[in-house]
Amino acid sequence: MKKLFFAMIILSLTFILASCGNNTESSGADQNETDSSEQDLLATIQDEGTLIIGTEGTYRPYTFHDESGALTGFDVEIAKEVANRLGVEAEFKETQWDAMFAGLDAKRFDMIANQVGIKEERLKKYDFSNHYITSSAVLVTSEDNSEVTNFEDIKGLKAAQSLTSNYADIAKQYEAEIVSVEGFNQAIDLLNTDRVDVTINDKITILDYKKVKPDAPVKIAATSEDASQSGFMFRQGNDTLVQAVNEALEEMIEDGTYLEISKKWFGEDVLN
C-alpha cells in the first residue's frame, strides 16, 4: 500500500514538472513572436504595399502644401523616393510637431520624415536612418531689433519654439522664456506681431521664407557654429526597416537622385 502511495506521489510530481516546462517553453515562444513581429515591420510594410510616414505638412521647404494643395517639400520627396525603392507607396499622416513622437510610439506611422535632428537624447528611445541633410540653427528677430545680435542676448526674452525641438533646447540653454508654438508658421506669426522677441529655427527654412516673402520684417541676427544633421526616425526594434531605408538613401546618393532633389529645393548639395 505504501509503495502504491509513493508511486502516486512521484507520478504527480512528474506531471507538475512537465507542465511547468511546457509553460516556460510557451512563454518563450510568445516572447519570440512579440519580438519578431516588431522586427518584421519591413515585411509587413512590403506585404501591405504602404509605408506610413508622419510629417507636419506646415514646414516649408521640407513638408508643406503647394498652391494646388498637394503635400510637397524636400523631406516629402526624399521619403517618397525611399518608399519607391522599397517597392511600396508612401502614405503621409500629417501631425503637429509636438504630437508626432507620441504618434510614432502609438504605431500610427512607421517612420517620421520632418527634419528630426539626430541627437543623443532621442537615440536613447528611437532609431534613426543615416542623415539626409545638414543645417545650422539661426536666431531670428524682427527687422528693427538692434539689441539682439547673438545668442547670449536672448536671456529672459520670449522665444517662440516647438517644445520638443532642437531649437527649443538651444533657447533654454541661453535662458530664454519659451513660448510654445505648434510649428514654424506660428512662431513667425508671433514674431511678426511682436508677441515674442525671437525664434530659433533652421537656417534653410528662414532663407526660403525670406525668398518667398522678401518684405517680411524679420532678419537673421546670429548663426550657430554647430551644424545639426537630420534623419528619418523609427521606433526601436525595427532594424531591418532602418537598414533598408539606409540602403535606399545610399543608392540615391550614388546614382545622383539625391543631388537632383537637393538642387531642386536648395540649389546645392545639402547632405554635408
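Residues numbered from 1 in each chain as written. Predicted model: local features only at pLDDT ≥ 70, side-chain atom pairs only at ≥ 80, totals over all residues. Heavy atoms only, no water.

Once that is clear, we can look at the overall build of the protein chain. Across its full length, the protein chain carries 10 helices and 11 strands. In the protein chain, buried positions account for 45% of the 272 residues. Within the protein chain, counting contacts between residues at least 6 apart in sequence, those at least 24 apart form 69% of the total. Surface accessibility of the protein chain: about 14600 Å² in total, with carbon and sulfur atoms responsible for 50%. (Helix = DSSP H or I, 4+ residues; strand = E, 2+ residues; numbered from the N terminus. Buried < 20%, exposed > 50% of the residue type's maximum accessible area, 1.4 Å probe, protein only. Contact = heavy atoms within 4.5 Å. Areas by Shrake-Rupley, 256 points an atom, 1.4 Å probe, with all protein chains shown as cover.)

This part is about the side chain of Thr 95. Within the secondary structure, Thr 95 sits in the loop between strand 4 (89–94) and helix 4 (97–105). Judged by its relative accessible area of 9%, Thr 95 is buried. When residues no more than four places from it in sequence are discounted, the contact partners of Thr 95 are Thr 55, Glu 56, Met 100, Arg 108 and Phe 109.

Looking now at the pattern of salt bridges. Tallied over the entire structure, the rule returns 9 salt bridges. Among the salt bridges present, the one from Asp 105 reaches Lys 125, with a minimum N-O distance of 3.2 Å. In this pair, Asp 105 is assigned in helix 4 and Lys 125 in the loop between helix 5 (120–123) and strand 6 (126–128), connecting sequence segments 20 residues apart. Here the salt bridges do not stand alone but share partners, grouping Glu 81, Arg 85, Glu 251 and Asp 255 into one network. (Salt bridge = Lys/Arg side-chain N within 4 Å of Asp/Glu carboxyl O.)

Here we take up the packing of helix 2 (residues 41–48) against helix 9 (residues 239–254). The N-to-C vectors of helix 2 and helix 9 enclose an angle of 65 degrees; their axes lie 6 Å apart at closest approach. One finds that helix 2 runs roughly perpendicular with respect to helix 9. Contacts between helix 2 and helix 9 involve Leu 41, Leu 42 and Ile 45 from the first element and Thr 240, Leu 241 and Ala 244 from the second. When grouped by side-chain class, the residues that make up the contact of helix 2 with helix 9 number 5 nonpolar, 1 polar and no charged. (Axes fitted to C-alpha atoms, helices over the stretch in contact; angles between N-to-C directions. Parallel < 35°, antiparallel > 145°, perpendicular 65-115°, else oblique. Nonpolar A, V, L, I, M, F, W, Y, C, P; charged D, E, K, R; others polar.)

In the predicted model, the protein chain carries a mean pLDDT of 88, and 86% of its residues have values of at least 70. Residue range residues 1–37 is modelled with pLDDT below 50. Its contacts to residues more than four positions away, or to other chains, number 0 contacts. (pLDDT = per-residue confidence, 0-100.)

Attention shifts here to the environment of Asp 105. Classification of Asp 105 as partly exposed rests on a relative accessible area of 34%. Remark: the alpha-carbon pair of Asp 105 and Phe 234, spanning 129 residues in sequence, is separated by 9.0 Å. In contact with Asp 105, not counting residues within four places along its chain, are Lys 125, Tyr 126 and Arg 235. A polar contact is formed between the side chain of Asp 105 and the side chain of Tyr 126, at a distance of 2.9 Å. (Polar contact = N/O pair within 3.5 Å; in protein donor to acceptor, adjacent residues only side chain to side chain.)

Okay, a negative patch on the surface next. Negative charge collects at one region of the surface, where Glu 143, Asp 144, Glu 177, Asp 194, Asp 197 and Asp 215 lie side by side. Along the chain, Asp 194 falls in the loop between helix 7 (184–192) and strand 10 (198–202). We classify Asp 194 as exposed; its relative accessible area is 63%. (Patch = residues over 30% accessible without salt bridge, like charges linked within 9 Å, V, L, I, M, F, W, Y side chains within 5 Å. Lys, Arg positive; Asp, Glu negative; His and termini not counted. Charge placed at Lys NZ, Arg CZ, Asp CG, Glu CD.)

The topology assignment puts Ile 52 in strand 1 (residues 50–55). With 38 residues separating them along the chain, Ile 52 and Ala 90 place their C-alpha atoms 6.2 Å apart. Discounting residues that sit within four places of it in the chain, Ile 52 has contacts with Glu 91, Lys 93, Arg 108, Phe 109, Asp 110 and Met 111.

Glancing now at the packing of aromatic side chains. Summed over the entire model, instances satisfying the criterion amount to 12 aromatic pairs. An aromatic cluster is built from Tyr 59, Tyr 62, Phe 74, Tyr 132, Phe 184, Tyr 209, Phe 232, Tyr 258 and Phe 266, whose rings are joined through pairwise contacts. (Phe/Tyr/Trp six-rings, centres within 6.5 Å; stacked < 30°, edge-to-face > 60°.)

Within the element layout of this structure, Gly 49 appears in the loop between helix 2 and strand 1. When near neighbours in sequence (up to four residues on either side) are disregarded, Gly 49 contacts Val 88 and Glu 89.

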